[in-house]
Amino acid sequence: AGPAGSGSRPWKTAEPRDVFLYMEREIVKSLGYHLAEGFASKRESTEIELVERVWAIDRANEVTLDDIYDALSHNYPEYAGVEEKIKAIELESERNLTEKNKIIHSVYQKALKLGKKVIFASDIYLPRQHMETILADAGYAEYEKLYVSNEIGCNKASGSMFTYILNDIGVQ
């Protein structure tokens, strides 16, 4: 499957499983076949299990990329000691498989032309710096603020992220 038509996201990227499958090829190149074999399934299941555990405690909580890789190395000891290298491969893979969402970009351009404040809210486990890079690469360099769920500790699914943003920007 190619890039997903991700509705209101300012960029399009492959589905998570496709990213993980792409990573398997990159892991072979960097770390060897033994670590790549079955990686996509292990990475996907680790994230799902972790999110389910965290959300069972509080639906508004969010996980980080570090949390996911800590759980991955705990569940699959063969990844212990190479988590940072594989995280770097994941970030680079996400970046390589991302492209601008042309429809949203045209709305973004119009908003800027009209002098509107633009904010982005990302409900994702990726770090802020990576999200800033993806936005810049996709042509979204000008914006007032970027909210990243795992950084602010709340998510869209529970609605808590929207409440947080509205309070932060002073909307009653």
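Residues numbered from 1 in each chain as written. Predicted model: local features only at pLDDT ≥ 70, side-chain atom pairs only at ≥ 80, totals over all residues. Heavy atoms only, no water.

**Q** What exactly am I supposed to notice about helix 4 (residues 65-75) here?
**A** Helical geometry note: an α-helix holds 3.6 residues per turn, so side chains three or four residues apart project in the same direction. Every buried residue of helix 4 is accounted for by Leu 65, Ile 68, Tyr 69, Ala 71, Leu 72 and Ser 73. Among the structural elements, helix 1 (16-31), helix 3 (39-57) and helix 5 (83-96) are those in contact with the buried residues of helix 4. (Buried < 20%, exposed > 50% of the residue type's maximum accessible area, 1.4 Å probe, protein only. Helix = DSSP H or I, 4+ residues; strand = E, 2+ residues; numbered from the N terminus. Contact = heavy atoms within 4.5 Å.)

**Q** Would you mind going over the side chain of Asn 155 with me for this structure?
**A** Counting through the fold element by element, Asn 155 comes out in the loop between helix 8 (149-152) and helix 9 (160-169). Under the relative-accessibility criterion, Asn 155 is labelled buried at 0%. Ignoring sequence-local partners within four residues, the contact set of Asn 155 consists of Trp 55, Arg 59, Ala 60, Asn 61, Glu 62, Asp 123, Ser 149, Ser 160 and Met 161.

**Q** What exactly am I supposed to notice about a nonpolar patch on the surface here?
**A** On the surface, a nonpolar cluster with roughly 300 Å² of combined accessible area is contributed by Ile 119, Leu 166, Ile 169 and Val 171. Its place among the elements puts Leu 166 in helix 9. (Patch = residues over 30% accessible without salt bridge, like charges linked within 9 Å, V, L, I, M, F, W, Y side chains within 5 Å. Areas by Shrake-Rupley, 256 points an atom, 1.4 Å probe, with all protein chains shown as cover. Salt bridge = Lys/Arg side-chain N within 4 Å of Asp/Glu carboxyl O.)

**Q** When you look at the pattern of salt bridges in this model, what are you seeing that I'm missing?
**A** A side chain of one charge can pair with a side chain of the opposite charge when the charged atoms of the two come close. Scanning the entire structure with this criterion turns up 11 salt bridges. One salt bridge connects Lys 29 with Glu 26, and the closest N-O pair in it is separated by 3.1 Å. With Lys 29 and Glu 26 both in helix 1 and three residues apart, this pair spans about one turn of that helix. The class of Lys 29 is exposed, set by a relative accessible area of 64%. The partner of Asp 137 in a salt bridge is Arg 95, with the nearest N and O atoms 2.4 Å apart. Remark: Arg 95 occurs in helix 5 and Asp 137 occurs in helix 7 (residues 128-137); sequence separation between them is 42 residues. We classify Asp 137 as partly exposed; its relative accessible area is 46%. It is possible to trace a salt-bridge network through shared partners that takes in Arg 43, Glu 47 and Glu 90.

**Q** Looking at this model, I keep getting lost on the packing of helix 1 against helix 5. Mind explaining?
**A** Describing two packed helices takes the angle between their axes plus the distance from one axis to the other. Interaxial distance between helix 1 and helix 5 falls to 9 Å at its minimum, and their mutual angle equals 130°. As far as their axial angle goes, helix 5 and helix 1 are oblique. Of the two possible hands of crossing, helix 1 and helix 5 adopt the one that is right-handed. Between helix 1, through Val 19, Phe 20, Tyr 22, Met 23, Glu 26, Ile 27, Ser 30 and Leu 31, and helix 5, the contact on the second element is made entirely by Lys 85, Ile 86, Ile 89, Glu 90, Ser 93, Glu 94 and Asn 96. Grouping the amino acids of the contact of helix 1 with helix 5 by side-chain chemistry returns eight nonpolar, three polar and four charged. (Axes fitted to C-alpha atoms, helices over the stretch in contact; angles between N-to-C directions. Parallel < 35°, antiparallel > 145°, perpendicular 65-115°, else oblique. Left-handed = near helix turned anticlockwise from the far one by under 90°. Nonpolar A, V, L, I, M, F, W, Y, C, P; charged D, E, K, R; others polar.)

**Q** Quick question: what am I supposed to make of the environment of Leu 65 here?
**A** Residue position: Leu 65 is located in helix 4. Taking the C-alpha atoms as reference points, Leu 65 and Lys 87, 22 residues apart in sequence, are found 7.7 Å from one another. Look past the residues within four positions of Leu 65 in its chain and what remains in contact with it is Arg 43, Lys 87, Glu 90, Leu 91, Tyr 125, Leu 126 and Pro 127.

**Q** What's the story with the packing of aromatic side chains in this structure? I'm lost.
**A** Centre distance and the angle of the planes are the two values used to describe a pair of aromatic rings. If you walk through the whole model with that rule in mind, you get seven aromatic pairs. Residues Tyr 108 and Phe 120 carry aromatic rings whose centres are separated by 6.2 Å and whose planes lie at 35° to one another, so their mutual orientation is tilted. Of this pair, Tyr 108 sits in helix 6 (residues 102-113) while Phe 120 sits in strand 3 (residues 119-122), and the two are 12 residues apart along the sequence. Here Tyr 108 falls in the buried class, since its relative accessible area comes to 6%. For Phe 120, a relative accessible area of 11% translates into the label buried. When the ring of Phe 120 is compared with that of Tyr 143, the centres are 5.4 Å apart and the planes differ by 80°; the resulting orientation is edge-to-face. Of this pair, Phe 120 sits in strand 3 while Tyr 143 is found in the loop between helix 7 and strand 4 (145-148), placing the two residues 23 residues apart along the sequence. Of the aromatic side chains, those joined through ring pairs into one cluster are Tyr 108, Phe 120, Tyr 140 and Tyr 143. (Phe/Tyr/Trp six-rings, centres within 6.5 Å; stacked < 30°, edge-to-face > 60°.)

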